[in-house]
Amino acid sequence: MIVSGLEVRACSASRSAEAEALRGQAGGARHDFLVYTIRTECGRSASMFGFAGASARGSAHIAASLAPLLKGRSVHDREALWRDFRQRDRMWGHFPVYVWGPIDTCLWLLAADAAGLPLYRYIGAARHAIPTYVSSMFLETADDYVAEAEAVRKQGFAAYKLHPPGRSVEADLEIHAAVRKAVGDDFPLMSDPVAFMTLPDALRYGRGLERLGFKWFEEPMADENIPALTELTRQLDIPVVGTETIAKHPYSLADIVARNVVDVIRADVSWTGGVTGVLKSAHLAEAFAMNCEIHTAIFHPLELVNLHLCAAIGNCTWFELLGPVEDFDFGLKGGLPIENGVATLPDTPGLGRELDWDLVDNSTLEVMG
Ligand SMILES: [Mg+2]
């Protein structure tokens, strides 16, 4: 199967008022997205959503500039293309971290589809169902977090992760304590401040989470803050989790994993180089007896690829979804295969779901390629 073309659409989905209100806190235009399509000379195609960063049109133009790298190449030459992209990136391309993931994913989907296998079984299945947890957005009050955590628990999800508002260590810990009190001691809770704390603050925060029986403490400071993270991980008992924003997986993770800068790494299909990138990072961690917890890819078509990856690696506990789940439930016909908090893997070839092309067509701002 030889690639004949790459099309990239810049898209902007219609937004609910509530989602619009969260945009600033969510850190960007989270309902703007791209749709990549790779076509082959034999008439096959595969499509996948992509992250749009600060500009859907800008990101789409950069993505479409990679068409000459792909045209005329076999969809099975994924490692050669990975190497060539890496070279192009170094030789003054300096691409956004999210540009290669959907391209690599489309190549994998074409190959899995042609083989007649679901993606995760084409990679190599480790399991067929994954417990799922819901991560909050940045909410206002303790009551907001308590209400969401209780709803998530009642719906059968395996755990709940707070993205706390970040007002102060003490104020955040009060919110965590309120949620712990509401859901009881046995329901798994995690915390992901997405913050730039000092080491003393992060230590105080982490000790507070330990007292509340939290499962993990994620990104209390920037992923590249290696010396402080190393010391934090050394001093705390609660697992410290990070690396979702580190560029150039898996090479940039080698020292982080080998020296236990964090206890658990993060990777996802969108920001860390597609299926190939996640597999490389997850396998690197596995060799060091470390988990690679798959990080949300925000958009449900990409989340479904993440789900295939969760099922194809042995060192990931849970599948992550952003809440409110219905706010992000667009892009897939039939939605994600989750019931009572457990995600099951499709048994049809490739991705296992069609993209919602009506939504994509209605959201398209510009088509390139
Ligand atoms: Mg995170």
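Residues numbered from 1 in each chain as written. Predicted model: local features only at pLDDT ≥ 70, side-chain atom pairs only at ≥ 80, totals over all residues.

Caption draft 1: Geometry of the domain arrangement of the protein chain. Per the domain assignment, the segments of the protein chain are domain 1 (3-116 + 356-368) and domain 2 (121-344). Taking only C-alpha atoms, the centre of domain 1 and the centre of domain 2 are 24 Å apart. With 27 residues of domain 1 at the interface, the matching set in domain 2 holds 22 residues. Going through the elements one at a time, helix H1 (17-26), strand S3 (45-51), helix H4 (78-93) and helix H5 (100-115) are the ones with two or more residues in the side of domain 1 that touches domain 2. If you tally residues by element for the side of domain 1 that touches domain 2, the top one is H5, at 10 residues. Tallied by class, residues from the side of domain 1 that touches domain 2 come to 19 nonpolar, four polar and four charged. (Domains from an automatic or database assignment. Contact = placed C-beta atoms within 7 Å. Helix = DSSP H or I, 4+ residues; strand = E, 2+ residues; numbered from the N terminus. Nonpolar A, V, L, I, M, F, W, Y, C, P; charged D, E, K, R; others polar.)

Caption draft 2: Region of interest: the pairing of strand S10 (residues 291-294). Judged by which residues are buried, S10 turns out to be covered on both faces: Asn291 and Glu293 on one side and Cys292 and Ile294 on the other are all buried. Sheet topology note: the strand S9 (residues 264-267)/S10 ladder contains four bridges and is parallel. Of the residues in S10, the one forming a bridge with Ile265 is Cys292. Tracing the backbone out of S9, into helix H12 (residues 274-287) and back to the parallel element S10 gives a crossover that is right-handed. (Buried ≥ 20, exposed ≤ 12 C-beta atoms within 10 Å, placed from the backbone. Pairing = 2+ DSSP bridges. Right-handed = clockwise from strand over helix to strand, strands pointing away.)

Caption draft 3: Local environment of the pairing of S3. Counting buried positions over the seven residues of S3 gives six, a clear majority of the element. By the bridge criterion, seven bridges tie strand S2 (residues 32-40) to S3 in an arrangement that is antiparallel. Within S3, the residue paired with Val35 across the bridge is Phe49. Where S2 folds back onto S3 in an antiparallel hairpin, the turn is made up of four residues, including Gly43, whose phi is positive at roughly 90°.

Caption draft 4: Quick peek at the nonpolar core. Counting residues in hydrophobic clusters, the biggest one holds 111 residues, and the most contacted among them are Leu34, Tyr36, Ile38, Cys106, Ile265, Leu309 and Cys310. Both domains that meet at this core, namely domain 1 (3-116 + 356-368) and domain 2 (121-344), each give it at least three residues. Each residue touching Tyr36, except ones within four places of it in the same chain, is listed here: Leu6, Val8, Ser47, Met48, Gly50, Ala63, Pro102, Ile103 and Cys106. (Core = buried A, V, L, I, M, F, W, Y, C linked by C-beta atoms within 7 Å.)

Caption draft 5: Looking closely at the packing of helix H9 (residues 199-211) against helix H10 (residues 226-235). At their nearest, the axes of H9 and H10 sit 10 Å apart, and the two run at 30° to each other. On the basis of the axis angle, H9 is roughly parallel to H10. In terms of crossing hand, the pair formed by H9 and H10 is right-handed. Here H9 contributes Leu199, Ala202, Leu203 and Gly206 to the contact with H10, which in turn contributes Ala228, Glu231, Leu232 and Gln235. Across the contact of H9 with H10, the residue classes break down as five nonpolar, two polar and one charged. (Axes fitted to C-alpha atoms, helices over the stretch in contact; angles between N-to-C directions. Parallel < 35°, antiparallel > 145°, perpendicular 65-115°, else oblique. Left-handed = near helix turned anticlockwise from the far one by under 90°.)

Caption draft 6: Structural view of helix H13 (residues 300-312). Helix length check: H13, at 13 residues, gives a terminal C-alpha distance of 18 Å against a target of 18 Å (1.5 Å per residue), a fit within 8%. Among the 13 residues that make up H13, 13 are buried, leaving the element largely enclosed by the rest of the structure. (Expected span 1.5 Å × (residues − 1).)

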